[in-house]
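A look at the structure
Chain by chain, the residues run as shown.
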Amino acid sequence: FAEIATIPLIKLLDIMGNIRKHLLAPRAHDQEEMNACFIGGKFELAERYTDATKVLFVALFYSAVLPESLFLGAAALLIHFVSGKFCLLRLWR
């Protein structure tokens with residue numbers, strides 16, 4: 001459940017980005033400081049690969065006992081793909 005819902009939801013909410021944009025940016029003293037508040041977070045390719053590899057190996061490991069784990073793993077990878085694509089195009093730099 002954590003790989004399907006919790007982790008993509010945390011990445012989509014972008015809590016620190018919203019705090020910077022809505023709380024810190026209006027209180028900035030000059031334009032450069034305000035522009036710095038609107039720069040998105042860093043894109044970590046290694047973190048994305050490790051998340052995908054973890055989902056794949058856990059799904060394959062439990063597939064002998066729980067065959068539905070392959071479908072859950074596929075759903076988790078699809079959700080990671082969609083949320084990662086949105087974050088890359090809208091939130092991250």
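For the structure itself, consult the block above.
I will try to describe carefully the structure that is included in this document. (Residues numbered from 1 in each chain as written. Predicted model: local features only at pLDDT ≥ 70, side-chain atom pairs only at ≥ 80, totals over all residues. Heavy atoms only, no water.)

1. Examining the packing of helix α4 (residues 45–62) against helix α5 (residues 69–90)
For any two helices packed against each other, the geometry comes down to the angle between their axes and how far apart the axes lie. The cut-off we apply is this: Geometry is summarised by axes, namely lines fitted to C-alpha atoms with helices restricted to the contacting stretch, and by angles between N-to-C directions that run from 0 to 180 degrees. Every helix listed is a DSSP run of H or I at least four residues long, and every strand listed is a run of E at least two residues long, numbered separately from the N terminus. In this scheme, roughly parallel covers angles under 35 degrees and roughly antiparallel covers those over 145, while 65 to 115 is roughly perpendicular and the rest are oblique. Residues are treated as being in contact if the distance between any of their heavy atoms lies within 4.5 Å. Under the grouping applied here, Gly and all other residues not named as nonpolar or charged are polar, the nonpolar ones being Ala, Val, Leu, Ile, Met, Phe, Trp, Tyr, Cys and Pro and the charged ones Asp, Glu, Lys and Arg.
At a closest axis distance of 8 Å, the pairing of α4 and α5 adopts a crossing angle of 170 degrees. Compared by their axis directions, α4 and α5 come out roughly antiparallel. Residues Arg48, Asp51, Ala52, Val55, Ala59, Leu60 and Tyr62 of α4 form the contact with α5, whose participating residues are Ser69, Leu70, Gly73, Ala76, Leu77, His80 and Gly84. A class-by-class count of the residues in the contact of α4 with α5 yields eight nonpolar, four polar and two charged.

2. Section: the packing of aromatic side chains
Under the convention used in this document: Pairing of aromatic rings covers Phe, Tyr and Trp, the last counted by its six-membered ring, and requires centre-to-centre distances within 6.5 Å; plane angles under 30 degrees mean stacked, over 60 mean edge-to-face, and any other angle means tilted. Only protein chains enter the calculation, and the probe is 1.4 Å; a residue is then buried if its accessible area is under 20% of its type maximum, exposed if over 50%, and partly exposed in between.
Under the definition given, this model contains two aromatic pairs. Ring geometry for Phe43 and Trp92: centres 5.5 Å apart, planes at 45 degrees, overall tilted. Here Phe43, found in the loop between α3 (31–37) and α4, pairs with Trp92, found in the segment after α5; they are 49 residues apart in sequence, far enough to count as distant. Among the residues examined, Phe43 registers a relative accessible area of 29% and is labelled partly exposed. For Trp92, a relative accessible area of 18% translates into the label buried. Ring plane angle 85 degrees and centroid distance 5.0 Å describe the contact between Phe61 and Tyr62, whose orientation is recorded as edge-to-face. Residue class for Phe61 comes out exposed when judged on its relative accessible area of 62%. You can call Tyr62 partly exposed: its relative accessible area is 44%.

3. Focus: a nonpolar patch on the surface
Rules: Only residues above 30% relative accessible area that lack a salt bridge enter a patch, with like-charged residues linked at up to 9 Å and the nonpolar side chains Val, Leu, Ile, Met, Phe, Trp and Tyr linked at up to 5 Å. Areas reported as accessible are Shrake-Rupley estimates using a 1.4 Å probe. Residue values count occlusion only from the protein chains shown. Whenever Lys or Arg places a side-chain nitrogen within 4 Å of a carboxyl oxygen from Asp or Glu, that contact is recorded as a salt bridge.
Together, Leu9, Leu13, Ile15, Met16, Ile19, Leu23 and Leu24 give the surface a local cluster of nonpolar side chains, amounting to about 660 Å² of exposed area. Mapped by element, the contributors of at least two residues to the nonpolar patch are α1 (2–13) and α2 (15–24). If you tally residues by element for the nonpolar patch, the top one is α2, at five residues. By the secondary structure assignment, Leu13 is in helix α1. Judged by its relative accessible area of 45%, Leu13 falls in the partly exposed class.

4. A few points about unusual backbone geometry
Positioned with a positive phi, Asp14 is a non-glycine residue whose angle comes to about 45 degrees. Structurally, Asp14 is set in the loop between α1 and α2. On the accessibility criterion, Asp14 (21% relative accessible area) is partly exposed.

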